[in-house]
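This is what each chain is made of:
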Amino acid sequence: MAIDSSQIPIGRRVLLPGHFDQPVTLEGVRLLGRSLECRVRLADGSLDETIISEEEASSLIGEQ
């Protein structure tokens, strides 16, 4: 399955278990092969980044 980054819910609060302990707001994504680099805003307002798998990206699309 190919990831369609346009379907990722930018601007929404999402859970990324295994990456962050609490919900984060997706600020942007960038394709990295079969993964996505996600730029997120934490609850304290700081920015962070993580790389999620194709399966994790699929679950974000399903949460919309």
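Refer to the preceding data block for the structure.
Values in this document were obtained by computation on a predicted structure and should not be read as measured data. (Residues numbered from 1 in each chain as written. Predicted model: local features only at pLDDT ≥ 70, side-chain atom pairs only at ≥ 80, totals over all residues. Heavy atoms only, no water.)

Before going further, it helps to spend a moment on the overall build of the protein. Helices and strands together make up the secondary structure of the protein, namely one helix and four strands. Listed N to C, the secondary structure of the protein is β-β-β-β-α in terms of helices and strands. Expected size for 64 residues packed as a compact globule is a radius of gyration near 11 Å; at 11 Å, the protein falls within 12% of this value. C-alpha extents for the protein along the principal axes are approximately 35 × 20 × 20 Å. (Helix = DSSP H or I, 4+ residues; strand = E, 2+ residues; numbered from the N terminus. Rg over C-alpha atoms; globule rule 2.2 N^0.38 Å.)

On to the sheet that holds strand β4 (residues 47-52), then. One open sheet holds the four strands; their spatial order is β1-β2-β3-β4, and the pairing between them is antiparallel. Taken across any chain shown, the strands that pair with only one partner, and hence form the sheet edges, are β1 (13-14) and β4. Here six bridges tie strand β3 (residues 35-41) to β4, and the two strands are oriented antiparallel to one another. Bridging across to β4, Val40 finds its partner in Asp48. Of the strands in this sheet, β1, β2 (24-32), β3 and β4 are in contact with helix α1 (residues 54-62), which crosses β4 at around 115°. (Pairing = 2+ DSSP bridges. Contact = heavy atoms within 4.5 Å. Axes fitted to C-alpha atoms, helices over the stretch in contact; angles between N-to-C directions.)

Right, let's talk about α1 for a bit. Taken as a whole, α1 has its buried residues at Glu54, Ala57 and Leu60. Viewed along the axis of α1, the buried residues span an arc of 115°, placing them on a single side of the element. Looking at α1, the residues exposed on the side facing more than 90 degrees away from the buried face are Glu55 and Gly62. Residues of α1 that are buried in the fold lie against β1, β2, β3 and β4. (Buried < 20%, exposed > 50% of the residue type's maximum accessible area, 1.4 Å probe, protein only. Arc of directions from axis to C-beta.)

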